[in-house]
Amino acid sequence: MNLLITAGPTREAIDPVRYLTNRSSGKMGYALAEVAARHGHKVLLVSGPTSLDLPPGVDFLPVESAADMFDAVRNQIGKADAAVFAAAVADYRPAAPSAEKIKKTSETMTLELVRNPDILGSARATFHFPGVLVGFAAETDDLEANARAKLEKKGCDLVVANDVSRPGIGFDSDHNEVLLVYPDRLEPLARDTKDRLAHIILDAIVELHASRA
Ligand code: PMT
């Protein structure tokens with residue numbers, strides 16, 4: 001299978017020295033890329049900035065902002081049999097990033113933000129991707145309901161939902177605990193290393209791909 005995997009955070013420039021970002025380390029997406037490559041799949045990893053080593057045998061497209069990630073996915077998704085969106089993409093970016101470093105001129109400062117493109121949401125609707133589509137859902141409440149809403153709205157075959165308010169799982173941890181949300185069923189996966197969970201998620205993707213063929 002050809003897999004496209006997004007991972008890591010995005011950085012949204014405020015000025016040449018500052019940016020908005022989030023707590024994603026990239027570990028979940030990189031674990032998926034590593035396991036898939038180890039099983040002989042061809043993997044393209046589209047990743048925001050992380051401090052992780054590139055897994056062996058994985059093709060790599062580094063990006064910085066959500067707009068960069070959108071362009072990379074738009075250009076590459078046509079070659080994929082399955083696309084997996086583990087990245088934590090910033091939903092908003094500064095409306096007018098400054099070309100020069102912003103000076104301290106007043107006591108308060110207001111930053112206007114505008115919406116970023118929804119990359120996962122564009123996969124079916126704009127890129128007309130016909131393959132296996134796997135989203136993630138980072139939630140702090142109503143895990144199942146919110147993940148199911150994302151699955152339906154974005155036309156996913158599977159959403160991997162995690163509760164990012166719980167310590168020891170989710171962002172930046174080596175562990176996670178996820179709920180696999182399918183259109184017709186649920187499969188909770190107990191807390192485990194991201195590496196072992198990546199094996200189970202990959203098996204699920206292989207099965208979804210086989211069931212389409
Ligand atoms: O990177 P780690 O430190 O290992 O942490 C792993 C993780 C918590 C980042 C990962 O498990 C995870 O939950 N990734 C998705 C994070 C997220 O942004 O979730 P969301 O519920 O806000 O977005 C839903 C889906 O839409 C995700 O597949 C996301 O990649 C995608 N999305 C979101 C916004 C956007 N503009 N474009 C997108 O493609």
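Refer to the structure printed above.
Criteria and thresholds
Residues numbered from 1 in each chain as written. Predicted model: local features only at pLDDT ≥ 70, side-chain atom pairs only at ≥ 80, totals over all residues. Heavy atoms only, no water. Pairing = 2+ DSSP bridges. Helix = DSSP H or I, 4+ residues; strand = E, 2+ residues; numbered from the N terminus. Axes fitted to C-alpha atoms, helices over the stretch in contact; angles between N-to-C directions. Contact = heavy atoms within 4.5 Å. Salt bridge = Lys/Arg side-chain N within 4 Å of Asp/Glu carboxyl O.

J.: Any chance you could explain the sheet that holds strand E12 (residues 186-193) here in plain terms?
T.: Sheet strands line up and pair through hydrogen bonds in the backbone, either parallel or antiparallel. Read across the open sheet, the 8 strands follow the order E5-E4-E1-E6-E9-E10-E11-E12; overall the sheet is mixed. Strand pairing shows two members of the sheet lacking a second neighbour, strand E5 (59-62) and E12, which therefore form its edges. Direction aside, the axes of adjacent strands within the sheet are offset by 15° on average. Sheet topology places strand E1 (residues 2-7) next to strand E6 (residues 82-85); 4 bridges connect them, and they run parallel. Paired with Leu3 across the two strands is Ala82, which belongs to E6. In the packing of helix H5 (residues 194-212) onto the sheet, the strands contacted are E1, E6, strand E9 (132-139), strand E10 (158-163), strand E11 (175-181) and E12, and the crossing angle to E12 comes to about 150°.

J.: When you look at the environment of Ala86 in this model, what are you seeing that I'm missing?
T.: With respect to the helices, strands and loops of the structure, Ala86 is situated in the loop between E6 and strand E7 (92-94). Spatially, the C-alpha atoms of Ala86 and Thr108 are 35 Å apart, while their sequence positions differ by 22 residues. Ignoring sequence-local partners within four residues, the contact set of Ala86 consists of Thr6, Ala7, Gly29 and Phe136.

J.: What exactly am I supposed to notice about the pattern of salt bridges here?
T.: Counted by the stated rule, this structure contains 13 salt bridges. Across the pair Arg212 and Asp157 runs a salt bridge, and its minimum N-O distance is 3.0 Å. Taken together, the residues span a long stretch of sequence, with Arg212 in helix H5 and Asp157 in the loop between helix H4 (143-154) and E10 at a distance of 55 residues. Through salt bridges with shared partners, one network takes in Lys27, Asp172 and Asp174.

Distances and angles like these do not, on their own, reveal function.
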